[in-house]
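One-letter residues, chain by chain:
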Amino acid sequence: MSEIQLLPKVRQYLQRDHGHFIDGQYRSGSGDKRIPVVNPANGEVIAQVNGATASEVEEACLSSRRAFSGEWAQTSPYQRGLILNRLADLIEANGEELAQLETQCSGKHIQLSRMFEVGQSAMFLRYYAGWATKISGETMTPSFPSMAGEQYTAMTRREPVGVVAGIVPWNFSVMISIWKLGAALATGCTLILKPSEFTPITLLRLAELAIEAGLPAGVLNVVNGTGEVGAQLIEHPKVAKVSFTGSVPTGLKVGQSAMAANLTRVTLELGGKNAAALLPDADIDAAVAGLIQTGYVHQGQVCASPERIYVHRSQLDETLAKFAAAVKGMSIGSPLDESVQFGPLANKPQFDKVSQFLAAARHDNQVICGGNPLAGSGFYVEPTVLLANGPQDRFLYEETFGPILCVVPYDEVDELPALINDSPFGLTASIWTNDLSRALRLIPQIEAGTVYVNMHTFLDPSVPFGGIKASGMGREFGSAFIDDYTELKSVLIRY
Ligand code: NAD
C-alpha cells in the first residue's frame, strides 16, 4: 500500500496566507483570528486560514450587491450559462489539484474527491448552466369587465432573489458549494460562500477558477470563519436569501435568525437518520453490498446515507453474518492510498463524537463488527454494525453521521411505515425488494424527501433533493430550485 505523490502546486498552495476572496481578489485577511487546517489522516496542521472581520463581511456583502445590480444583471442568460460551463471545464482541468487539496483537509478518499468534488461538481454545474436560458414566467388573460373597450393582459416574471449567502458543511465542501453556485448564478443571483472552518481552502481556489472562467468580480465571494461569520452574513441587510447545508441544531438557529433579520428567504438542507428496509423477498447479498457501499462512503459522513436497517426477523442471522463478512474484508488506511477502502473521520470533533457513540454501543448494544476507534495520530474508527437494543435505542433516533449501521428486526411488512416514520428526520429512505407492487404501496406512506428502491444515497441533478420534518425545507436540483432562488413578480397591463 502506498500514497500518491502530492502535486508540487498543492504543496505550494497550502503554504499561502489564506483568507478570503472578495470582489475578484484573493485576500490574506486582516483579522487576528487564525484557524488551523488539520489533516485528519495524521492530525498535522497543513495550513492556516484567517477568520473574517466584520468589515470584511461588510465588504463582501456590498461587493455582491454591486455585482448583482451591476455587471451580472447586464450578463445575458446565455452568457451566464457559458461561464458556468467554462468553470466546469476548469474544475476538470484542475481536478487533481482540487481533489488532493480536499482530501488533505477532509480525509475523503482521493478517488471520492476525484469522483464527487471534481467529477460530480462539473456535471452538476453543466446541468445548472443549461437552466440559465430556460427560466421563464407565464402569461394570463384576466377576466376584468371591459367598460369602454379596454383590454387586459398579465404575465409573471421569475426574478433573481438577490445576494445569496451559501453556508456549507465540511463533508462535501466543493460539491455542495457547486449546488448553491449553479442554482444562484443560473437564476441571476450573486453568491457569498461561507465554507466550513474545517475545509476552508479549496473554495478559495474555486473562486480563482471562477474568475478565470470569466465571472465578473463580486458575483462569487468567499469569506472564511466559524459560525459567527455565518451569523453575520445572515443578519446583513444586503443578503436576500440564505442557502444553508449543515446540522439540524445549526439549521434551526439559521432559520430563526433569517426570519428575524428581514424575513430573509431561507432554504435548509439538514441531517438525517435514514432508514433502509429489506423486504422478505429482498436479494440479501445485493442489499448488504449496496448498504455497505452507501453506508460507509466517506466513512458514513453523508447526510443521505443509511444508518438504520430494518431486516425481517426470519432473515436476521443470515443478514448479520453477511454484513460481518463484508466489513471484515475492508482495508482501513490513508485516503491518499488508492487501494484503501476506508479512511479517517474528517476532524477531531467528529472523531470525538463518533468515538462516544461507539463507547455507548460497546456498553449497550450487541456489536456485530467493528465498534472501536483506532489508536494513532489520525482520526480513524472501525466501520461498525450493531444490533438495536429494542425499539427505543438511541441508534434509531440520533444521527451519528459516522460509519455506524444499526440493524433492527421487524415482523410484518405492514409495520414498516410506522417504524421508519418514528423519527424526527425525513431525508432519505430505501426499500430493498423485487416486488415492485409492494414497493409502490409503501412509497406514499414513507415520510422522506427521497425514497430509493434497491439503491440508496445516489444524487442526480435532474432529481429534486431535500428533506421533510427536521431534515430541512426547500429543494435543490431538478426545476424545483428555481422557486427558491427567484421571486415571482406579477405584471398586469391595461391597453
Ligand atoms: P454544522 O451545522 O456544524 O455547520 C455547517 C456550517 O454552518 C459551517 O460552515 C459552520 O461554520 C456554519 N455555522 C455554524 N454555526 C452557525 C450559525 N450560528 N450561524 C450561521 N452559520 C453557522 O454542520 P457540519 O458539522 O459542518 O456538517 C454536518 C451536518 O451537515 C450533518 O448533520 C449532516 O447531516 C448535514 N448535511 C446535510 C446535507 C443535506 O443536503 N441535507 C448535506 C451535507 C451535510
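If you look the protein up in an unreviewed UniProt entry, it shows as Phenylacetaldehyde dehydrogenase from Pseudomonas sihuiensis. If you open the UniProt record of the protein and go to Sequence similarities (unreviewed entry), you find "Belongs to the aldehyde dehydrogenase family."

### A closer look at the overall build of the protein
Counting its regular elements, the protein contains 15 helices and 20 strands. For 495 residues, the compact-globule formula gives about 23 Å, and the C-alpha radius of gyration of the protein, at 24 Å, lands near that figure. Here the protein, with 495 residues, has 57% of them falling under the buried criterion. In the protein, 73% of the contacts between residues at least 6 apart in sequence involve partners at least 24 apart. Carbon and sulfur atoms make up 53% of the accessible area of the protein, which amounts to about 19500 Å² in all. Once the 38 positive and 50 negative side-chain charges of the protein are each reduced to a mean point, those two points are 5 Å apart.

### Re the pairing of strand β3 (residues 34-39)
Where burial is concerned, the two faces of β3 differ: the one with I35, V37 and N39 is buried and the one with R34, P36 and V38 is not. Looking at chain direction, β3 and strand β4 (residues 44-50) are connected through 6 bridges and run antiparallel. Residue pairing in the sheet places P36 in a bridge with Q48 of β4. In textbook terms, the turn of a hairpin is the stretch between consecutive antiparallel strands, and for β3 and β4 this stretch comprises 4 residues, one of which, G43, has a positive phi near 75°.

### Some details on the nonpolar core
In this structure, L87, L181 and L185 are the most contacted members of the largest nonpolar core, which totals 74 residues. Broken down by element, this core gets its largest block of residues, 10 residues, from helix α6 (residues 173-187). The two domains that each donate at least three residues to this core are domain 1 (8-270 + 472-492) and domain 2 (274-469). Each residue touching L87, except ones within four places of it in the same chain, is listed here: L125, L181, L206, L209, A210 and A213.

### Focus: the domain arrangement of the protein
When cut into domains, the protein gives domain 1 (8-270 + 472-492) and domain 2 (274-469). The centre of domain 1, based on its C-alpha atoms, is set 30 Å off from the matching centre of domain 2. If you look at the interface, domain 1 gives 36 residues, while domain 2 gives 36 residues. Carbon and sulfur atoms make up 63% of the surface buried where domain 1 meets domain 2, a total of about 2800 Å² over both sides. Considering only the side of domain 1, the residues that lose the most area to domain 2 are H109, W170 and R475, jointly responsible for 20% of the buried surface there. On inspection of domain 1 and its partner domain 2, the count reaches 1 salt bridge. Across the salt bridge formed by E338 and R114, the nearest N and O atoms sit 2.8 Å from each other. Between domain 1 and domain 2 we count 12 residue pairs in polar contact (both at pLDDT 80 or more) in total.

### A closer look at the site of the ligand
Neighbouring the ligand are 29 residues, the closest being K194, E197, S247, L270 and E399. The contact in question runs from an oxygen atom of the ligand to an N or O atom on the backbone of G246, over 3.3 Å. Within the backbone of L270, an N or O atom sits 2.7 Å from a nitrogen atom of the ligand. Considering the ligand on its own, with 860 Å² of exposed area, one finds that the protein chains cover 88% of that surface. Looking at the shell around the ligand, the elements with two or more residues in it are α8 (227-235), β10 (239-245) and α9 (248-262). Looking at the shell around the ligand element by element, the count peaks at 4 residues for α8. Broken down by class, the residue content of the shell around the ligand amounts to 15 nonpolar, 10 polar and 4 charged. Residues lining the shell around the ligand come from more than one domain, with at least three contributed by each of domain 1 (8-270 + 472-492) and domain 2 (274-469).

### Let's talk about the sheet that holds strand β13 (residues 306-312)
Judged by pairing direction, the sheet is mixed, and its 7 strands sit side by side in the order β14-β15-β16-β13-β12-β17-β18 without closing on themselves. Edge positions in the open sheet fall to β14 (366-369) and β18 (450-453), since each of these has one partner strand only. Each strand axis lies, on average, 25° off the axis of its neighbour in the sheet, ignoring direction. Sheet topology places β13 next to strand β16 (residues 404-410); 5 bridges connect them, and they run parallel. Within β16, the residue paired with Y310 across the bridge is V408. Packed on one face of the sheet, helix α12 (residues 348-364) meets β14, β15 (384-387) and β16 and runs near 40° to β16.

Quick notes on the rules
Residues numbered from 1 in each chain as written. Predicted model: local features only at pLDDT ≥ 70, side-chain atom pairs only at ≥ 80, totals over all residues. Heavy atoms only, no water. UniProt positions renumbered as here; feature names shortened; annotations may be inferred. Helix = DSSP H or I, 4+ residues; strand = E, 2+ residues; numbered from the N terminus. Rg over C-alpha atoms; globule rule 2.2 N^0.38 Å. Buried < 20%, exposed > 50% of the residue type's maximum accessible area, 1.4 Å probe, protein only. Contact = heavy atoms within 4.5 Å. Areas by Shrake-Rupley, 256 points an atom, 1.4 Å probe, with all protein chains shown as cover. Lys, Arg positive; Asp, Glu negative; His and termini not counted. Charge placed at Lys NZ, Arg CZ, Asp CG, Glu CD. Pairing = 2+ DSSP bridges. Core = buried A, V, L, I, M, F, W, Y, C linked by side-chain atoms within 4.5 Å. Domains from an automatic or database assignment. Buried area = accessible area lost by both parts, 1.4 Å probe. Salt bridge = Lys/Arg side-chain N within 4 Å of Asp/Glu carboxyl O. Polar contact = N/O pair within 3.5 Å; in protein donor to acceptor, adjacent residues only side chain to side chain. Near = heavy atom within 4 Å. Nonpolar A, V, L, I, M, F, W, Y, C, P; charged D, E, K, R; others polar. Axes fitted to C-alpha atoms, helices over the stretch in contact; angles between N-to-C directions.

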